[in-house]
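# A look at the structure
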Amino acid sequence: MSNHHPEVGTQYGSGQKTFRAYAIGLVLCVILTLAAFGLVEYRCFSNEYLYISLAVLAIIQLFVQSACFLRLNASPEGRWNLMPFLFAILIVAILVSGSLWIMYNLNYNMMN
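This write-up is about the structure you can find in this document.

Rules of the game
- Residues numbered from 1 in each chain as written.
- Predicted model: local features only at pLDDT ≥ 70, side-chain atom pairs only at ≥ 80, totals over all residues.
- Heavy atoms only, no water.
- Helix = DSSP H or I, 4+ residues; strand = E, 2+ residues; numbered from the N terminus.
- Buried < 20%, exposed > 50% of the residue type's maximum accessible area, 1.4 Å probe, protein only.
- Contact = heavy atoms within 4.5 Å.
- Areas by Shrake-Rupley, 256 points an atom, 1.4 Å probe, with all protein chains shown as cover.
- Core = buried A, V, L, I, M, F, W, Y, C linked by side-chain atoms within 4.5 Å.
- Axes fitted to C-alpha atoms, helices over the stretch in contact; angles between N-to-C directions.
- Parallel < 35°, antiparallel > 145°, perpendicular 65-115°, else oblique.
- Nonpolar A, V, L, I, M, F, W, Y, C, P; charged D, E, K, R; others polar.
- Phe/Tyr/Trp six-rings, centres within 6.5 Å; stacked < 30°, edge-to-face > 60°.
- Polar contact = N/O pair within 3.5 Å; in protein donor to acceptor, adjacent residues only side chain to side chain.

### So, the overall build of the chain
Looking only at helices and strands, one finds four helices and zero strands in the chain. Put simply, the chain runs from its N terminus to its C terminus through helices and strands in the order α-α-α-α. Counting every position in the chain, which comprises 112 residues, the buried fraction comes to 16%. Considering only contacts in the chain between residues 6 or more positions apart, those separated by 24 or more positions represent 56%. Looking at the chain as shown, the accessible area adds up to about 9,000 Å², and 72% of this sits on carbon and sulfur atoms.

### With respect to the nonpolar core
Listed in full, the seven residues of the largest apolar core are Cys29, Leu32, Leu39, Leu50, Leu57, Val64 and Cys68. Contributing elements (two or more residues each) for this core: helix 2 (19-42) and helix 3 (47-68). Top element by residues in this core is helix 3. It accounts for four residues. Contacts of Val64, omitting those with residues within four sequence positions, involve Gly25, Leu28, Cys29, Leu32 and Phe69.

### Structural notes on the packing of helix 2 against helix 3
One can describe the packing of helix 2 onto helix 3 by two numbers: an axis separation of 9 Å at closest approach and a directional angle of 170 degrees. What the angle tells us is that helix 2 and helix 3 run roughly antiparallel. Touching Ala21, Tyr22, Gly25, Leu28, Cys29, Leu32, Thr33, Ala35, Ala36, Leu39 and Val40 of helix 2 are Leu50, Ser53, Leu54, Leu57, Ile60, Gln61, Val64, Gln65 and Cys68, all from helix 3. For the contact of helix 2 with helix 3, a count of residues per class yields 15 nonpolar, five polar and no charged.

### Description of the packing of aromatic side chains
Here the structure, examined in full by the defined rule, presents one aromatic pair. Between Tyr22 and Phe69, the ring centres sit 6.0 Å apart and the planes meet at 15 degrees, which makes this aromatic pair stacked. Here Tyr22 is found in helix 2, whereas its partner Phe69 is found in the loop between helix 3 and helix 4 (79-111), with 47 residues between them in sequence.

### Quick look at the side chain of Ser66
If you trace the backbone, Ser66 turns up in helix 3. Engagement of the side chain of Ser66 in a polar contact is seen with the backbone oxygen of Leu62, the distance being 2.8 Å. With near-sequence residues (within four places) excluded, Ser66 lies in contact with Arg71, Leu72 and Phe85.

See below:
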């Protein structure tokens, strides 16, 4: 006897997990990854525009993976999964920006 309940996924806001969603996510992630490799390999932009374009591609890939694989959404049921994810992103952003700020200040103070 199986304890698997089909309504569990929708009850906790994760949405219906289908092969189609995973396949679309996989194809989009492969395309975004190959685009990033192509930008670096063929040096389509100057260094600063290359960094910006790679960051944009990474952020787009984060959203694709969140929507297709983690099945995060803004529905009332999905907020139980979306809010902790957004909080984790906020904490990571604070840590990264704080670390960059500290390193910039250390560099400035060491050089002047």
